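The residues making up each chain are set out below.
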Amino acid sequence: MTRLALTVPMPWLAEAQASVERAIRSDHLGHALLVHAAAGVGGDWLAFWIAARVFCSAPADQPRPCGACIDCRRVMAGEHPDCSLVAPEETSKEIKIDQVRELCQDLRLTSHGGRLKVALVMPADRMNRFAANALLKTLEEPTPGTLLVLVAAQPSRLPATIRSRCQSLPVRAPSLEESLSWLAGQAAPGVDWRAVLAVLGLRPLDALGVDPARIAALQRETAEALVQALRGGLDPVHTADRWSREDLGLRLAAIENWITDRVREWAGRGGGSTEMRADPYLPESHVTLNIRALFEALDGVREARRLEDTPVNKALLLERLLWRLTAAGGNRARTQAREQGNR
Ligand SMILES: [Zn+2]
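Residues numbered from 1 in each chain as written. Predicted model: local features only at pLDDT ≥ 70, side-chain atom pairs only at ≥ 80, totals over all residues. Heavy atoms only, no water.

1. Details of the nonpolar core
The biggest cluster of nonpolar side chains holds 50 residues, and the ones touching the most others in it are Val35, Leu46, Ile50, Val118, Leu120, Val149 and Val171. Ranked by residues supplied to this core, first place goes to helix 2 (residues 43–55) with ten residues. Not counting residues within four places of it along the chain, the set of residues in contact with Val118 comprises Ala51, Val54, Phe55, Asp82, Cys83, Ser84, Leu147 and Val149. Formed by 29 residues, the second largest nonpolar core is a distinct cluster that contains Leu226, Val227, Leu230 and Leu248. (Core = buried A, V, L, I, M, F, W, Y, C linked by side-chain atoms within 4.5 Å. Buried < 20%, exposed > 50% of the residue type's maximum accessible area, 1.4 Å probe, protein only. Helix = DSSP H or I, 4+ residues; strand = E, 2+ residues; numbered from the N terminus. Contact = heavy atoms within 4.5 Å.)

This is how it looks when you write it as structure tokens:
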């Protein structure tokens, strides 16, 4: 697995890194850390950075982690004998009890290097109830010389008993400008990162891993389809079925962006009215957007994004959403009747 080099600076992580550095230097590093970082901003990377900071064998007068010594390279490759990683197995979305039990047993063994043993659990908020209970036992009676690093985007999903036993390490969210300038420094020039982040959200590390052209195409196709929905010319059942099979997360983000833009335009015109002419996207269509229905669609897409990782029927969620949008633009007959009445 390729990971960003340990020496790549990310300004929004600097504070968390400095706090780990201070704790290590003053010998105040707890036995469990909880990295609280939104998805795609580098929480996982920070966990590896912490492990590498612990194991790095660069001379003491050099910055650690150096990213170049054998220990740093092993940590980043996931091959360090004293650093274990627990993550959902490929076919599963959950971290299961057997994985945590194995980890806890492993932590009780003496380290190979005679120093600390480090265990990374990511995303920790994907531990199921049983796994979390198993981990709690280890947190209650920690083995000396061990460091647990949990990474969670939503720590509130973890039992309070786990959270209270961890030293909290919050990571602030990067700003849009920060993300853009960081991305510009990481990749070849000529990419419209603003457009990529508009779909992905403020997830600079995720942005590096996607094909910007594919994102742009998805954004365009989504916008065209939603305009068709407003016109009443889209088959919600067929479209929802197709969209639910591929790139669902990106699709939902693109839909949310599109609706949010329409709501902004409405607010930009002073809001107030309950309808808005849709001429800019539906020339000569005489369609007006029903603002209430538009807000309902916005609620719908946000709900769908919340439920994205649950077993709920995705096609049905999308279908309901597309029907709401069809309703938002479904005033053609009424509008035409009114316009005729005005003549
Ligand atoms: Zn090193």
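What follows picks up the thread again.
2. Brief notes about the coordination of the zinc ion
Six octahedral donors around a metal ideally subtend angles of 90 or 180 degrees, whereas four tetrahedral donors ideally subtend 109.5 degrees. Taken together, the protein ligands of the zinc ion are Cys56 (SG), Cys66 (SG), Cys69 (SG) and Cys72 (SG), with distances of 2.3 to 2.4 Å. Given four donor atoms and angles of 105 to 117 degrees at the metal, the environment of the zinc ion is assigned as tetrahedral. Every donor residue of the zinc ion comes from the same chain, spaced as C-x9-C-x2-C-x2-C. Within this pair, whereas Cys56 is found in the loop between helix 2 and helix 3 (70–77), its partner Cys66 is found in the loop between helix 2 and helix 3, the two being separated by ten residues in sequence. Residue Cys66 is classed as partly exposed on the basis of its relative accessible area, which comes to 21%. (Donors = N, O, S within 2.8 Å, 3.2 Å for Na, K, Ca; no water. Tetrahedral: all angles 85-135°; square planar, octahedral: opposite > 155°, others 65-115°.)

3. Some details on the pattern of salt bridges
Enumeration according to the criterion identifies 16 salt bridges in this entry. The partner of Glu140 in a salt bridge is Arg165, with the nearest N and O atoms 3.7 Å apart. A residue pair is termed long-range when its members are at least 10 positions apart, and Glu140 in helix 5 (residues 129–140) and Arg165 in the loop between helix 6 (160–163) and strand 5 (167–170) qualify at 25 residues. We note a salt bridge from Asp261 to Arg264, for which the minimum N-O separation is 3.3 Å. Placement of both Asp261 and Arg264 in helix 12 (residues 248–268) is noted, with a separation of three residues, approximately one turn of the helix. In this structure, a network of salt bridges that share partners links the residues Glu21, Arg25 and Arg53. (Salt bridge = Lys/Arg side-chain N within 4 Å of Asp/Glu carboxyl O.)

4. Quick word on the sheet that holds strand 4 (residues 146–152)
Strand order in the open sheet formed by five strands is 2-3-4-1-5, and the pairing between neighbours is parallel. Taken across any chain shown, the strands that pair with only one partner, and hence form the sheet edges, are strand 2 (83–86) and strand 5. For this sheet, the mean angle separating the axes of adjacent strands, direction not counted, is 20 degrees. Bridging between strand 1 (residues 32–36) and strand 5 involves four bridges; their strand directions are parallel. Residue pairing for strand 5: Val35 is matched across the bridge by Leu169. (Pairing = 2+ DSSP bridges. Axes fitted to C-alpha atoms, helices over the stretch in contact; angles between N-to-C directions.)

5. Here's the deal with the pairing of strand 1
Most of strand 1 sits out of view: four of its five residues are buried. Pairing analysis gives five bridges linking strand 1 to strand 4, with the strands arranged parallel. Note on strand 4: the bridge partner recorded for Val35 is Val151.

6. Here's the deal with the packing of aromatic side chains
A full pass over the atoms with the stated rule returns two aromatic pairs. Measuring from ring centre to ring centre gives 5.5 Å for Trp12 and Trp182, while their planes differ by 75 degrees; the resulting arrangement is edge-to-face. With Trp12 in the segment before helix 1 (14–25) and Trp182 in helix 7 (residues 176–186), this pair connects stretches of sequence that are 170 residues apart. Both residues of the pair, Trp12 and Trp182, belong to the buried class. If you follow Arg262 out to its NZ or CZ, it ends over the ring of Trp258, 4.6 Å from the centre. (Phe/Tyr/Trp six-rings, centres within 6.5 Å; stacked < 30°, edge-to-face > 60°. Lys NZ or Arg CZ within 6 Å of the ring centre and 35° of its normal.)

7. Observations concerning the side chain of Asp82
Mapped onto the elements, Asp82 comes out in the loop between helix 3 and strand 2. Those residues in contact with Asp82, other than ones at most four positions away along the chain, are Phe55, Ser111, His112, Gly113, Leu116, Lys117 and Val118.

8. Concerning the packing of helix 2 against helix 3
When two helices pack together, their arrangement is given by the angle between the helix axes and the distance between those axes. One way to put it is that helix 2 packs onto helix 3 with a least axis distance of 9 Å and a crossing angle of 150 degrees. In this view, helix 2 runs roughly antiparallel relative to helix 3, as classed from their interaxial angle. The interaxial crossing formed by helix 2 with helix 3 has right-handed handedness. Within the contact between the two elements, helix 2 uses Trp45, Phe48, Ala51, Ala52 and Phe55 and helix 3 uses Asp71, Cys72, Val75 and Met76. For the contact of helix 2 with helix 3, the class distribution of residues is eight nonpolar, no polar and one charged. (Parallel < 35°, antiparallel > 145°, perpendicular 65-115°, else oblique. Left-handed = near helix turned anticlockwise from the far one by under 90°. Nonpolar A, V, L, I, M, F, W, Y, C, P; charged D, E, K, R; others polar.)

9. A short note on the layout of surface pockets
The calculated volume of the largest pocket comes to roughly 1700 Å³. Taken together, 40 residues form the lining of the largest pocket, with Ala39, Gly40, Arg126, Arg203 and Asp206 sitting closest to its centre. Listing elements by their share of the lining of the largest pocket, those giving two or more residues are helix 2, strand 4, helix 8 (193–200), helix 9 (204–208), helix 12 and helix 13 (291–306). With four residues, the single largest contributor to the lining of the largest pocket is helix 2. Both domains that meet at the lining of the largest pocket, namely domain 1 (11–173) and domain 2 (211–342), each give it at least three residues. Taken as a whole, the second largest pocket spans an internal volume of roughly 260 Å³. For the second largest pocket, the lining is made up of 15 residues, of which Glu94, Asp125, Arg126, Met127 and Arg157 are closest to its centre. The residue makeup of the lining of the second largest pocket, split by class, is five nonpolar, two polar and eight charged. Of the residues that make up the lining of the second largest pocket, three or more belong to each of domain 1 (11–173) and domain 2 (211–342). (1 Å grid on protein atoms, 1.4 Å probe; cavity = no way out; pocket = protein on both sides within 12 Å on 5 of 7 lines; lining within 4 Å. Points joined across faces, edges and corners; volume = space filled by probe spheres on them. Domains from an automatic or database assignment.)

It is worth stressing that arrangement in space is one thing and function is another; only the former is reported here.
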